[in-house]
Amino acid sequence: MSKTPLARAVALATLGASLTLPSLAQADFIGDSKATLELRNFYMNRDLRDTTAAQQSKREEWAQGFILKAESGFTEGTVGFGLDAYAGLGLKLDSSDERAGTNLLPNAFGNEGPDEYSEATGAVKVRLSKTVAKVGGLMPKLPIVSSGDSRLLPQVFTGGMITSQEIDGLTLNGGQLREVNFRNSTDRQDISATNYTSAASPRDSDRYNFAGGDYKFNGGNTTVGLWYGELEDIYDQKLYNLIHVQPIGDWKLGANLAYFDSQNNGARRAGKIDNDLTSLNLWAGLGAHTFRLGYQKVSGHGAFPFLNETDPYIVNYIQILDFTREDEKSWQARYDVNFASYGIPGLTAFVRYVTGDGFDGVGGASGKEWERDVDISYIIQEGPLKNLGLRWRNAMVRSNASIGDLDENRLIVSYTIPLM
């Protein structure tokens, strides 16, 4: 008999607790282990303003997620071995055929889908000196590929990667990803790109190869990075990155410059890709306040390509839009405030506005679009509800491209329980 959703949630917690009692592990394997269970309650409402009576007018769903992450330490010896584990469960709290498609749940407009879905994976890891290799389920967080986690459950890849820190200040990474489990899916699929010439064009590949690293110097204030990624038979991409942080009196100034050079690869399944993207993020912080300015420009043929559902390392990839259309230029202004300076630790907020133009809009019109975001978060700092997080994300988009006009609200309540 299959387990009920409640039984699945209990099983996740039991699995996490059981990791504290490995029968064959040695001291470092146990002592360096950690595990958490995150309870994530997610409500999302996207008002699709540019629709007719025959089309979907809004996407609105509510779901509960359980996210277990566990990492062992390494066994003793010159070569150490360890295990990582992940399990996720999503429960549908509210949906309908007419409101489905938020990507919180495995469904689409016209079919609200199942009441629950679950997934699990693990990775074997090996450490030699300051080099670690992992094979299995991976959630890389690198400039060239960053697993997405902006819905109920995170995106998980299957593959292998190596991270090496043998030289002080230098971190090297490399690996190959073979499959992906998307945020609202329970099965592993080929990896797909965002850039393709038509809906009929195949845009999947079973190999994403990546390599690169960064070097910190100047007392850690300056970082240079060089990266390469290849989605076989679709595109390859080079990334050059420079980050600098400079304290001046009470101010903290910073800049992050990223330049991408993307080309079609092999069989060119997504058609011609030949473009570059420049991303510049400038910031200035004083006490509780941080002011940011961003600039992004796509040049050449086609839109900027990146792996579906990942978080590309560009300044204007935000809540809804990414401003990566062919020839698009975009500018950002953002203001952050941390209320800890005003006696409310755990409360943070920001507002940002991004506007883009220079691309082709619907019907050949001169393309223009903008997005305004308000984001407020509060994490309880002490007491029985310590680590309980509340977040409201509000966005407004106006565009004469295919996405049209829309308004969106996301309400997220999360609670992380340390299991070991």
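Looking up the protein chain in an unreviewed UniProt entry gives the name OprD family porin, with the organism given as Ectopseudomonas alcaliphila. According to the UniProt record, the Sequence similarities (unreviewed entry) comment for the protein chain reads "Belongs to the outer membrane porin (Opr) (TC 1.B.25) family."

This brings us to the layout of surface pockets. There is about 930 Å³ of room inside the second largest pocket. Forming the walls of the second largest pocket are 41 residues, and the residues nearest its centre are Glu71, Asp84, Lys134, Met139 and Met161. Contributing elements (two or more residues each) for the lining of the second largest pocket: strand S2 (58-71), strand S3 (79-94), strand S4 (116-128), strand S5 (131-138), strand S6 (156-164), strand S7 (170-181), strand S11 (222-231) and strand S12 (235-248). Along the lines of polarity and charge, the residues of the lining of the second largest pocket split into 17 nonpolar, 13 polar and 11 charged.

Phi at Asp233 is positive, roughly 70°, even though this residue is not glycine. With respect to the secondary-structure elements, Asp233 resides in the loop between S11 and S12. Even without glycine at this site, Phe323 takes up a positive phi of about 60°. Structurally, Phe323 is set in the loop between strand S15 (289-301) and strand S16 (329-338).

Bridge count between S12 and strand S13 (residues 251-264): 14 bridges; the pairing is antiparallel. Paired with Pro247 across the strands is Lys252, a residue of S13. Taking the residues that link successive antiparallel strands as the turn, the S12-S13 hairpin has two residues, and the phi of Gly249 there is positive, at about 65°.

Take the pattern of salt bridges next. Scanning the entire structure with this criterion turns up 22 salt bridges. Close ionic contact of Glu71 with Lys34 constitutes a salt bridge, the shortest N to O distance being 4.0 Å. In this pair, Glu71 sits in strand S2 while Lys34 sits in strand S1 (residues 34-48), placing the two residues 37 residues apart along the sequence. Taking relative accessible area as the criterion, Lys34 reaches 48% and is therefore assigned partly exposed. Close ionic contact of Asp149 with Arg40 constitutes a salt bridge, the shortest N to O distance being 2.9 Å. Of this pair, Asp149 sits in the loop between S5 and S6 while Arg40 sits in strand S1, and the two are 109 residues apart along the sequence. Connected through shared salt-bridge partners, Lys58, Glu60, Asp94 and Arg99 make up one network.

Let us now look at empty space enclosed by the protein. Space left empty within the atom packing is revealed by a probe, the size of a water molecule, rolled over the atoms. Scanning the model with the defined rule gives one cavity of 30 Å³ or more in all. Roughly 90 Å³ of internal volume is contained in the largest cavity. What lines the largest cavity is a set of 16 residues, and nearest its centre among them are Ile144, Val145, Phe306, Thr310 and Pro312. Here the lining of the largest cavity is built from residues that sort into 12 nonpolar, three polar and one charged.

Before going further, it helps to examine a nonpolar patch on the surface. Together, Tyr215, Phe217, Val224, Leu242 and Leu257 line one region of the surface with nonpolar side chains, adding up to about 390 Å² of accessible area. Tracing the chain through its elements places Leu257 in strand S13.

The next point concerns the pairing of S3. Pairing geometry for S2 and S3, over 10 bridges, is antiparallel. The partner of Lys69 across the bridge, within S3, is Tyr86. Pairing between S3 and S4: 13 bridges, direction antiparallel. Along S4, the bridge assignment pairs Asp84 with Ala123.

Cut-offs and rules
- Residues numbered from 1 in each chain as written.
- Predicted model: local features only at pLDDT ≥ 70, side-chain atom pairs only at ≥ 80, totals over all residues.
- Heavy atoms only, no water.
- UniProt positions renumbered as here; feature names shortened; annotations may be inferred.
- 1 Å grid on protein atoms, 1.4 Å probe; cavity = no way out; pocket = protein on both sides within 12 Å on 5 of 7 lines; lining within 4 Å.
- Points joined across faces, edges and corners; volume = space filled by probe spheres on them.
- Helix = DSSP H or I, 4+ residues; strand = E, 2+ residues; numbered from the N terminus.
- Nonpolar A, V, L, I, M, F, W, Y, C, P; charged D, E, K, R; others polar.
- Pairing = 2+ DSSP bridges.
- Salt bridge = Lys/Arg side-chain N within 4 Å of Asp/Glu carboxyl O.
- Buried < 20%, exposed > 50% of the residue type's maximum accessible area, 1.4 Å probe, protein only.
- Patch = residues over 30% accessible without salt bridge, like charges linked within 9 Å, V, L, I, M, F, W, Y side chains within 5 Å.
- Areas by Shrake-Rupley, 256 points an atom, 1.4 Å probe, with all protein chains shown as cover.

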